[in-house]
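# Structural characterization, general
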Amino acid sequence: LLIKKEVLSKQLCKAGYKGEIKVERSENEYFYRNKIKLFRAEKGLGLKKPASNEVVVIEDCMIAEKDLGRAIKGVQTFVRAQNLLGQLKEVTLKCQGDDVLVWFNFEKDVKVSFQGLQIMLGYGSGIFVSVGKDIPHKVLGAENLTFKENDIDVKMKVNSFRQVNTPVADKLYDLVLKNIKVGDVVNAYSGAGLLTGMIAKKNRCYGIEIGVAEHNDAERLKRDNSLGKMFNFLGDVGRILPKVLSKNIKTVVLDPPRKGCDKRVCEILDNSGVERIIYISCDSATLTRDLQR
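Below you will find a few notes about this structure. (Residues numbered from 1 in each chain as written. Predicted model: local features only at pLDDT ≥ 70, side-chain atom pairs only at ≥ 80, totals over all residues. Heavy atoms only, no water.)

### Quick word on the pattern of salt bridges
Evaluation of the coordinates by the stated rule reveals 16 salt bridges. Here Lys155 and Asp224 are joined by a salt bridge, their closest N and O atoms 4.0 Å apart. Of this pair, Lys155 sits in strand E9 (residues 152-156) while Asp224 sits in helix H6 (residues 212-224), and the two are 69 residues apart along the sequence. Here Lys155 falls in the partly exposed class, since its relative accessible area comes to 41%. In this structure Asp224 comes out as partly exposed when scored by relative accessible area, which is 36%. As a salt-bridge pair, Lys181 and Glu275 come within 3.8 Å of each other at their nearest N and O atoms. Of this pair, Lys181 sits in the loop between helix H4 (166-178) and strand E10 (184-188) while Glu275 sits in the loop between helix H8 (263-270) and strand E14 (276-279); the two residues are 94 residues apart in sequence, bridging distant segments of the chain. For Glu275, a relative accessible area of 48% corresponds to the partly exposed category. Among the ionic contacts, a cluster of salt bridges with common partners joins Lys181, Lys250 and Glu275. (Salt bridge = Lys/Arg side-chain N within 4 Å of Asp/Glu carboxyl O. Helix = DSSP H or I, 4+ residues; strand = E, 2+ residues; numbered from the N terminus. Buried < 20%, exposed > 50% of the residue type's maximum accessible area, 1.4 Å probe, protein only.)

Written out as structure tokens, the structure reads:
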């Protein structure tokens, strides 16, 4: 944590910030990830070595939630028993409590009976299949993971984005909500709409997302929770942001992917007169670049 803080401090100095940096420690040093992606190897599924495509076969994972660890063992047993390793590309597992969604991505169309795996995983779980870059489709079990987050009812698909460390995500969302100014809010790069929905419990909030599947998830979340102050826009942030900015917009939340914000988005905000920008970043280098812009 001290090393990360030092790196971030040096990065932010480039953008002219030399003030205090607060660090929040994760509650769980181990067994915290709610998602894991496994790749095929000759003798099983595993994780890639750093800066390498070499796969190390694993039977468990010290940072995956314990229910996810149990699912990994079941999937490994099933894949070996069915001789599927030569046909698989990767397997993604996501969990909520003891419910697990498993997504098999194959090189080509394969006929497989997954009933044995579902018995191992439990009937609250779901199994999905895709070929290449196709969208996953359900073959057995649950369609979604269902849970409640800040009084929002969520139905999470196997290919929907979710913060992988649930306790840290709770802290992150609380911090964002505490720093929202009175007035309307824009949530740019809004994904499946969870944060937009949380904000819309009190403030009128405009979510902007370019992904069609994510936008549809956000629209469903709005309907499921009867959020009259939540408005979802489908499209590029740089194109839509100028259309929704107004004197009533007091806060803009930015939650971009690792590559950061488009240059045009920074330029729009720089000239907007918005009172507060809350930037959620997963890469301090692109965060620093955008702050400089």
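### Section: the sheet that holds E10
The strands that make up a sheet are held in pairs by hydrogen bonds between backbone atoms, and each pair lies either parallel or antiparallel. Overall, parallel pairing links the 5 strands, which are arranged E12-E11-E10-E13-E14 in an open sheet. Edge strands, defined here as strands with exactly one partner in the open sheet, are strand E12 (230-234) and E14. In this sheet, adjacent strand axes meet at a mean angle of 20° when their direction is disregarded. Sheet strands touched by H6: strand E11 (205-209) and E12. Its angle to E12, the strand with the most contacts, is close to 165°. (Pairing = 2+ DSSP bridges. Axes fitted to C-alpha atoms, helices over the stretch in contact; angles between N-to-C directions. Contact = heavy atoms within 4.5 Å.)

All we've got here are geometric facts, nothing functional implied.
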